[in-house]
Amino acid sequence: VQLQASGGGSVQAGESLRLSCAVSGNIFSPNVMGWYRQAAGRQRELVVRITSDGTTTYGESVEGRVTISRDNSKRTMDLQMNSLKPEDTAVYYCAAHDLKNMRLYWGQGTLVTVSS
C-alpha cells in the first residue's frame, strides 16, 4: 500500500487550499483515513480523520475550517482547508489505518505554508 499526497503550496492568510491523497494497493474495511500535520519543532497532530462508514473526527485547531472527503471507488481522499492561518503552516501527511489487519500507512507529506 502506498499513499501519495499532493496539493501543498504557499498561500496567504485567509486563502484556501485543497490537498489530495491517492491510495494504491488494498486497504481493507473497516479502516480510517485521515490527515495529520507536523509543524517545525512540534509533534504530529490530527487534522481530521474519516472512517470507512463516514464518521469524521476533527482536530481542535481546525474544526470549522476544514472538510474531508473520500471516494472509495477512486481510492482518493481530499482535504479542503479554508480561512488558512499562519499557524496552519506545516507538513501535511495523509494516513490510512487498516483496522482489519492492524496496519498503518503514511504518505510522504506535502508542505503547506501560510504567510500573513
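Model, not experiment: these values are computed from the prediction.

A.B. asks: Requested: an account of the layout of surface pockets, with residues and values cited.
C.D. replies: Considering only enclosed or pocket space, the largest pocket measures out at about 200 Å³ in volume. Taken together, Val23, Gly25, Asn26, Ile27, Phe28, Ser29, Asn31, Met33, Arg70, Asn72 and Arg75 form the lining of the largest pocket. Tallied by class, residues from the lining of the largest pocket come to 4 nonpolar, 5 polar and 2 charged.

A.B. asks: Tell me about the nonpolar core, and name the residues and values.
C.D. replies: Counting 27 residues, the largest nonpolar core has Leu19, Trp35, Val47, Leu79, Met81 and Tyr92 as its most contacted members. Elements represented by at least two residues in this core include exactly β1 (2-6), β3 (17-24), β4 (31-38), β5 (45-51), β7 (66-71), β8 (76-81), β9 (90-98) and β11 (110-115). Aside from chain neighbours lying at most four places away, what touches Leu79 is Leu17, Arg18, Leu19, Trp35, Val47, Val48, Val66, Thr67 and Tyr92.

A.B. asks: Just give me the short version of the sheet that holds β3, but keep the residues and values in it.
C.D. replies: Read from one edge to the other, the open sheet built from 4 strands follows the order β1-β3-β8-β7, with strand pairing classed as antiparallel. If you trace the sheet from one side to the other, it starts and ends with β1 and β7, each paired once. Across the sheet, the axes of successive neighbouring strands diverge by a mean angle of 15°, strand direction being ignored. Summarising the sheet, β7 and β8 pair through 6 bridges and their orientation is antiparallel. The residue bridging Ser69 from the neighbouring strand is Asp78, located in β8.

A.B. asks: Summarise the side chain of Arg37; cite the residues concerned and give the values.
C.D. replies: Topologically, Arg37 is positioned in strand β4. A relative accessible area of 5% means that Arg37 is categorised as buried. Looking at Arg37, its side chain comes within polar contact range of the side chain of Ser61, at 2.9 Å. Within the local environment of Arg37, its side chain forms a polar contact with the side chain of Asp88, the two groups lying 2.9 Å apart. Apart from residues lying up to four places away in sequence, Arg37 is in contact with Gln43, Arg44, Glu45, Val47, Ser61, Val62, Glu87, Asp88, Ala90, Val91 and Tyr92.

A.B. asks: Lay out empty space enclosed by the protein in plain terms, naming residues and giving numbers.
C.D. replies: For the coordinates displayed, the defined rule picks out 1 cavity of 30 Å³ or more. Counted as a void, the largest cavity has a volume near 50 Å³. Every residue along the wall of the largest cavity is listed here: Arg37, Ala39, Arg42, Gln43, Glu45, Glu87, Thr89 and Ala90. Of the residues belonging to the lining of the largest cavity, the class tally is 2 nonpolar, 2 polar and 4 charged.

Rules behind the numbers
- For every chain, the first residue of its written sequence is number 1, and the numbers climb from 1 along that sequence.
- Only residues with pLDDT of 70 or above have their local features reported here, since the model is predicted, and side-chain atom pairs are shown and tallied only from 80 upward, although totals for entire chains, interfaces and linings are computed over all residues.
- To get the side-chain values, take all heavy atoms of the structure and skip hydrogens and water.
- Any residue with an atom within 4 Å of a point lines the site, the site being either a cavity, points on a 1 Å grid over the protein atoms alone where a 1.4 Å probe fits but cannot get out, or a pocket, an open set with protein on both sides within 12 Å along at least 5 of 7 lines.
- Grid points are joined across faces, edges and corners, and a volume is the space filled by probe spheres set on the points.
- For this scheme, ten residues count as nonpolar: Ala, Val, Leu, Ile, Met, Phe, Trp, Tyr, Cys and Pro. Four count as charged, namely Asp, Glu, Lys and Arg, and the remainder, Gly too, count as polar.
- The term nonpolar core refers to a set of buried residues drawn from Ala, Val, Leu, Ile, Met, Phe, Trp, Tyr and Cys, joined through side-chain atoms within 4.5 Å.
- Any residue under 20% of the maximum accessible area for its type is buried, any over 50% is exposed, and the rest in between are partly exposed; the area is computed with a 1.4 Å probe on protein chains only.
- Going along the chain from the N terminus, every DSSP run of H or I of four or more residues is numbered as a helix, and every run of E of two or more is numbered as a strand.
- Contacts are assigned to residue pairs with any non-hydrogen atoms lying within 4.5 Å of each other.
- A pair of strands counts as paired when DSSP detects no fewer than two bridges linking them.
- The axes used here are C-alpha line fits, helices contributing only the stretch in contact, and every angle between their N-to-C directions lies in the interval 0 to 180 degrees.
- Think of a polar contact as two N or O atoms within 3.5 Å of one another; within protein, one of them needs to be a possible hydrogen donor and the other a possible acceptor, and neighboring residues in sequence only count if both atoms come from side chains.

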